[in-house]
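# Summary of the model geometry
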Amino acid sequence: MQVFNFLLFIDDDEPTNVYQEVVVKRSQLVGDYRFFTSALDALSFLTDLCNTPGSRLPEAIFLDINIPRMNGWEFVEAFLQLSISGPSPRIVMLSTSNYWRDVERAQQTPGIDRLMTKPLHENDLIDLFEAWKDE
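Our subject in this report is the structure included herewith. (Residues numbered from 1 in each chain as written. Predicted model: local features only at pLDDT ≥ 70, side-chain atom pairs only at ≥ 80, totals over all residues. Heavy atoms only, no water.)

Time to look at the packing of aromatic side chains. Inspection of the entire model under this criterion finds seven aromatic pairs. Here Phe4 and Trp132 contribute two aromatic rings whose centre-to-centre distance is 6.3 Å and whose plane-to-plane angle is 80 degrees, an arrangement assigned as edge-to-face. Of the two residues, Phe4 is situated in strand 1 (residues 4-10) and Trp132 in helix 5 (residues 122-132); the sequence distance between them amounts to 128 residues. Each member of the pair, Phe4 together with Trp132, is buried. An angle of 15 degrees between the planes, with centres 5.8 Å apart, marks the rings of Phe75 and Phe79 as stacked. Taken together, the residues span about one helical turn, with Phe75 and Phe79 both in helix 3 (residues 72-79) at a distance of four residues. What makes Phe75 buried here is its relative accessible area of 0%. Taken together, the ring pairs in this structure connect Phe9, Tyr33, Phe35 and Phe62 into an aromatic cluster. (Phe/Tyr/Trp six-rings, centres within 6.5 Å; stacked < 30°, edge-to-face > 60°. Helix = DSSP H or I, 4+ residues; strand = E, 2+ residues; numbered from the N terminus. Buried < 20%, exposed > 50% of the residue type's maximum accessible area, 1.4 Å probe, protein only.)

Structure representation (structure tokens):
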């Protein structure tokens, strides 16, 4: 049962990406998805989508906090500057820990829906869908 049309993942850790891709494929909850190891490359991709009429933005962006060159926080700042027509993708920050400062910052940063511990599991995707479906 597909519940998401398009999800985007940004994480510089290849083993995490491989694991999360397996989870996404096995879950059969996601129609289309894309992985980036660079926040800059992902931002360029999203900018192109925003500038292309009829393009479909992802429903959610799963974003690692610690990425070289442009970290997750910097990505969010830049992403929020894009001109988006239609619903904006939800941003889910991902971390290997629940460091209290990251949790607090994620809660206080506009544009971030929530902070979750990585890697994601199928149940996480189901929980997100359930939380978002009526919003």
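Turning our eyes to something else, we now look at the sheet that holds strand 3 (residues 60-64). The strand order across the open sheet built from five strands is 2-1-3-4-5, with neighbouring strands paired in parallel fashion. The open sheet has two free edges, formed respectively by strand 2 (30-36) and strand 5 (112-117), since each of these has just one partner strand. On average, each strand axis in the sheet is tilted by 20 degrees relative to the strand beside it, whichever way the strands run. In this structure, strand 1 lies alongside strand 3, joined through four bridges in parallel fashion. In the sheet register, Leu8 faces strand 3, and the bridge partner there is Ile61. Across the sheet, helix 1 (residues 14-27) is in contact with strand 1, strand 2 and strand 4 (90-95); its angle to strand 2 comes to roughly 175 degrees. Contacting strand 1, strand 2 and strand 3, helix 2 (residues 39-50) crosses the sheet at an angle of about 145 degrees to strand 1. (Pairing = 2+ DSSP bridges. Axes fitted to C-alpha atoms, helices over the stretch in contact; angles between N-to-C directions. Contact = heavy atoms within 4.5 Å.)

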